[in-house]
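Survey of secondary and tertiary structure
Residues per chain are reported as follows:
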Amino acid sequence: MKKIRKAAVIGGGTMGNGIAHVFSMHGITTHLVERNLELAEKALETISGNLDRMVGKEKIDATQKEETLDRIVTFTDIVKAVDEVELVVEAVSENFDLKKEVFTEIDRAAPAEAILASNTSSISITKLAAATTRADKFIGMHFFNPVPVMKLVEVVKGLQTSAATVAAIEKTARGLDKNPVVVSDYPGFVSNRVLMPMINEAIYCVYEGVAEPEEIDQVMKLGMAHPMGPLRLADFIGLDVCLDILHVLHEGFKDPKYRPCPLLVKMVEAGRLGDKTGEGFYSYD
């Protein structure tokens, strides 16, 4: 099984630029795709800033930083970006129709032997794979934020994902100094099927006046040894993302226990999305 040497990452947002950063830092030539040059440049600036922090902490040196940046090539055209790559990782917004459209385009342009992976945190891999002509080479590669720091990669098998594809992605993840965990394709996989009901229940505690966010987070940090409380984590993830995932769980399982708390719905409608907008359950400068 050969090592992946050239990959494309579709989407340069928080997850996409992190994935591109990690790929390139581990020797993979990386084509980073964004909608326009301005967004592509912003993604590169973010990667450069994150590499600067690594230099400051003496995890890498200045030469390694420059070599990492040199291996990242930005594109605004998916067709050109996926030409001759061995792996494509999609990291666009958590919206099925958008992802389906992206994968339809990738499938037409990428080499026949290329593996297609989605960084989705909850959407069905089997359903996304059906938008392509290579369901056996389609897989979930769910990284965690911040990608350069977090060790876990949830490797999600679709109904038709081949054993060879799973093995290739496990090997690739280990080559990125990550720990791959293989799971089957069910709504929310393992991570969000367990995490989101906890976050939702914490929001219900605020909604029902049981306690304030600070107290709820303190209970979970001090009593359950969580490094970050569920409401602080929800702000970090993005309340809109949490709501999207809960909708996927609720729709996928048809179980009322996954019904999003009305307070979460109202906060998203008000544009209070957490860190990204400066206000969620907490306020940020």
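The structure displayed is predicted, hence computed values, not measured ones. (Residues numbered from 1 in each chain as written. Predicted model: local features only at pLDDT ≥ 70, side-chain atom pairs only at ≥ 80, totals over all residues. Heavy atoms only, no water.)

Looking now at the packing of aromatic side chains. For the structure shown, the criterion picks out 4 aromatic pairs. An angle of 65° between the planes, with centres 4.7 Å apart, marks the rings of Phe103 and Phe138 as edge-to-face. Taken together, the residues span a long stretch of sequence, with Phe103 in helix 5 (residues 96–109) and Phe138 in strand 6 (residues 138–143) at a distance of 35 residues. Note on Phe103: relative accessible area 0%, which makes it buried. Directly above the aromatic system of Phe96 lies the positively charged group of Lys127, at a separation of 4.4 Å from the ring centroid. (Phe/Tyr/Trp six-rings, centres within 6.5 Å; stacked < 30°, edge-to-face > 60°. Helix = DSSP H or I, 4+ residues; strand = E, 2+ residues; numbered from the N terminus. Buried < 20%, exposed > 50% of the residue type's maximum accessible area, 1.4 Å probe, protein only. Lys NZ or Arg CZ within 6 Å of the ring centre and 35° of its normal.)

What follows concerns the UniProt feature "domain: 3-hydroxyacyl-CoA dehydrogenase NAD binding" (unreviewed entry) in the protein chain. The residues that UniProt annotates with the feature "domain: 3-hydroxyacyl-CoA dehydrogenase NAD binding" (unreviewed entry) are residues 6–185. In this annotation, residues 6–185 is assigned 43% helix and 22% strand; the end-to-end C-alpha distance for the span is 27 Å. (UniProt positions renumbered as here; feature names shortened; annotations may be inferred.)

A separate point is the pattern of salt bridges. Under the defined criterion, the tally for this structure stands at 11 salt bridges. The partner of Lys276 in a salt bridge is Asp240, with the nearest N and O atoms 3.0 Å apart. Of this pair, Lys276 sits in the segment after helix 12 (262–269) while Asp240 sits in helix 11 (residues 239–253), placing them 36 residues apart in sequence. Asp240 sits in the partly exposed class, given a relative accessible area of 21%. One salt bridge connects Arg272 with Glu279, and the closest N-O pair in it is separated by 3.8 Å. A relative accessible area of 33% means that Arg272 is categorised as partly exposed. Linked through salt bridges whose partners overlap, the residues forming this network are Glu90, Glu94 and Lys99. (Salt bridge = Lys/Arg side-chain N within 4 Å of Asp/Glu carboxyl O.)

This part covers the sheet that holds strand 7 (residues 152–157). The 8 strands lie next to each other as 3-2-1-4-5-6-7-8, forming an open sheet whose pairing is mixed. Since the sheet does not close on itself, it has two edges, and those belong to strand 3 (72–75) and strand 8 (179–184), each with one partner. Across the sheet, the mean angle separating the axes of adjacent strands is 25° when strand polarity is ignored. Relative to strand 6, strand 5 (residues 115–118) runs parallel, the two being bridged by 3 bridges. Each bridged residue has a counterpart across the sheet, and for Leu116 the counterpart in strand 6 is Phe138. (Pairing = 2+ DSSP bridges. Axes fitted to C-alpha atoms, helices over the stretch in contact; angles between N-to-C directions.)

A word on the pairing of strand 7. For strand 6 and strand 7, the ladder comprises 5 bridges, and the chain directions are antiparallel. For Gly140, the partnering residue across the bridge sits in strand 7 and is Val156. Strand direction decides the pairing type here: strand 7 and strand 8, joined by 6 bridges, are parallel. Bridging across to strand 8, Val156 finds its partner in Val183. As for the winding sense of the linkage, the β-α-β connection from strand 7 through helix 7 (residues 163–175) to strand 8 is right-handed. (Right-handed = clockwise from strand over helix to strand, strands pointing away.)

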